[in-house]
Amino acid sequence: MDGFKIVLEIAPTLIALFFAIQIFRSSGALDLIVRFLTPMGKLLKIPKEVLPVIFAKLFSSSAATGFLLDIYKTSGPDSLAGFMSSVILSSTETCFYTLSVYYSVVGIEKIRYTLTGALLAVFVGTFISVFISYL
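Residues numbered from 1 in each chain as written. Predicted model: local features only at pLDDT ≥ 70, side-chain atom pairs only at ≥ 80, totals over all residues. Heavy atoms only, no water.

Q: Which parts of the structure should I look at to understand the overall build of the protein?
A: Check the secondary structure of the protein and you find seven helices and zero strands. Its helices and strands taken in sequence order, the protein reads α-α-α-α-α-α-α from the N to the C terminus. Considering only C-alpha atoms, the protein reaches an extent of 50 × 30 × 25 Å along its principal axes. Working note: accessible area of the protein is about 8,600 Å², and carbon and sulfur atoms make up 70% of it. (Helix = DSSP H or I, 4+ residues; strand = E, 2+ residues; numbered from the N terminus. Areas by Shrake-Rupley, 256 points an atom, 1.4 Å probe, with all protein chains shown as cover.)

Q: Looking at this structure, I do not really get the environment of Glu-109. What am I missing?
A: Structurally, the position occupied by Glu-109 is in the loop between α6 (95-106) and α7 (112-134). The exposed category is assigned to Glu-109, whose relative accessible area is 74%. Along the backbone, Glu-109 and Leu-99 are ten residues apart, and their C-alpha atoms lie at a distance of 9.9 Å. (Buried < 20%, exposed > 50% of the residue type's maximum accessible area, 1.4 Å probe, protein only.)

Q: Help me understand helix α4 (residues 61-74) in this model?
A: What sets the pattern is the α-helix's 3.6 residues per turn: residues three or four places apart point alike. When the terminal C-alpha atoms of α4 are compared, their 20 Å separation across 14 residues agrees well with the 20 Å that a helix rising 1.5 Å per residue should span. Those residues of α4 that fall on the buried side of the exposure criterion are Ala-63, Ala-64, Phe-67, Leu-68 and Ile-71. Within α4, the buried residues cover an arc of 145 degrees as seen down the axis, which keeps them to one side. Across α4 from its buried face, at more than 90 degrees, point the exposed residues Ser-62 and Lys-73. (Expected span 1.5 Å × (residues − 1). Arc of directions from axis to C-beta.)

Q: Explain the side chain of Lys-57 here, please?
A: Structurally, Lys-57 can be placed in helix α3 (residues 51-57). Here Lys-57 occupies a buried position and makes no salt bridge, while the nearest side chain of opposite charge, Glu-93, is found at 5.5 Å. Among the polar contacts listed, one links the side chain of Lys-57 to the side chain of Ser-61, at a separation of 3.4 Å. If we ignore the near neighbours within four places in the chain, the residues touching Lys-57 are Ala-64, Leu-89, Thr-92, Glu-93, Thr-94 and Cys-95. (Lys, Arg positive; Asp, Glu negative; His and termini not counted. Salt bridge = Lys/Arg side-chain N within 4 Å of Asp/Glu carboxyl O. Polar contact = N/O pair within 3.5 Å; in protein donor to acceptor, adjacent residues only side chain to side chain. Contact = heavy atoms within 4.5 Å.)

Q: Quick question: what am I supposed to make of the packing of aromatic side chains here?
A: Ring pairs (aromatic) are described by centroid distance and by the angle formed between their planes. Summed over all chains, the structure comprises one aromatic pair. Ring centres 5.4 Å apart and planes at 55 degrees place the aromatic pair Phe-55 and Phe-59 in the tilted group. Judged by its relative accessible area of 27%, Phe-59 falls in the partly exposed class. (Phe/Tyr/Trp six-rings, centres within 6.5 Å; stacked < 30°, edge-to-face > 60°.)

Q: What is the right way to look at the nonpolar core in this model?
A: By size, the foremost hydrophobic cluster in this structure holds 23 residues, and its most contacted members are Ile-46, Val-50, Val-53, Met-84 and Ile-88. Broken down by secondary-structure element, the contributors of at least two residues to this core are α2 (29-43), α3, α4, α5 (80-91) and α7. Not counting residues up to four positions away in its chain, the partners in contact with Ile-46 are Gly-41, Leu-51, Ile-54, Met-84 and Val-130. (Core = buried A, V, L, I, M, F, W, Y, C linked by side-chain atoms within 4.5 Å.)

Q: Any chance you could explain the packing of α4 against α5 here in plain terms?
A: Angle between the axes and distance between the axes: these two values describe a pair of packed helices. Where α4 contacts α5, the two axes come as close as 9 Å, and the packing angle between them is 160 degrees. Classified by the angle their axes make, α4 and α5 are roughly antiparallel. At the point where α4 passes α5, the crossing takes the left-handed sense. On the side of α4, the interface is formed by Ala-64, Thr-65, Leu-68, Ile-71 and Tyr-72, while α5 contributes Ala-81, Gly-82, Ser-85, Ser-86 and Leu-89. The residue inventory of the contact of α4 with α5, partitioned by class, reads six nonpolar, four polar and no charged. (Axes fitted to C-alpha atoms, helices over the stretch in contact; angles between N-to-C directions. Parallel < 35°, antiparallel > 145°, perpendicular 65-115°, else oblique. Left-handed = near helix turned anticlockwise from the far one by under 90°. Nonpolar A, V, L, I, M, F, W, Y, C, P; charged D, E, K, R; others polar.)

Q: What is the right way to look at the environment of Arg-35 in this model?
A: Within the secondary structure, Arg-35 is located in helix α2. Relative accessible area serves as the criterion here: at 56%, Arg-35 is assigned to the exposed category. Each C-alpha atom, one on Arg-35 and one on Val-50, is 12 Å from the other, the two residues being 15 residues apart in sequence.

So this is what it looks like as structure tokens:
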């Protein structure tokens, strides 16, 4: 019975998050962000195809996996973009999803330090993944 109560508490957050991701993706805002991040990606030697994976992983693992599958179809899993995306997905966390779902269940509202630490960990994991991919 406690499990069902937790599901009822989490459901509104999950539904809102899934709708927000779909709206964001369908509106073309993701394409705009990728165009904005492309110069920085070139500087860091991150292929353009990998940028949506990095950004989507912050919010949704399933959306990032969808982008990964697109890379597999177009470039192949053995390509640099495919390999790098796979390493990034396995070494980072969906910090906004995790914070919104888990913290809403236990009622934590002040997430400033947790969010800072989580974003730092994601960015460090991403940069190390890029470095490892080039090895």
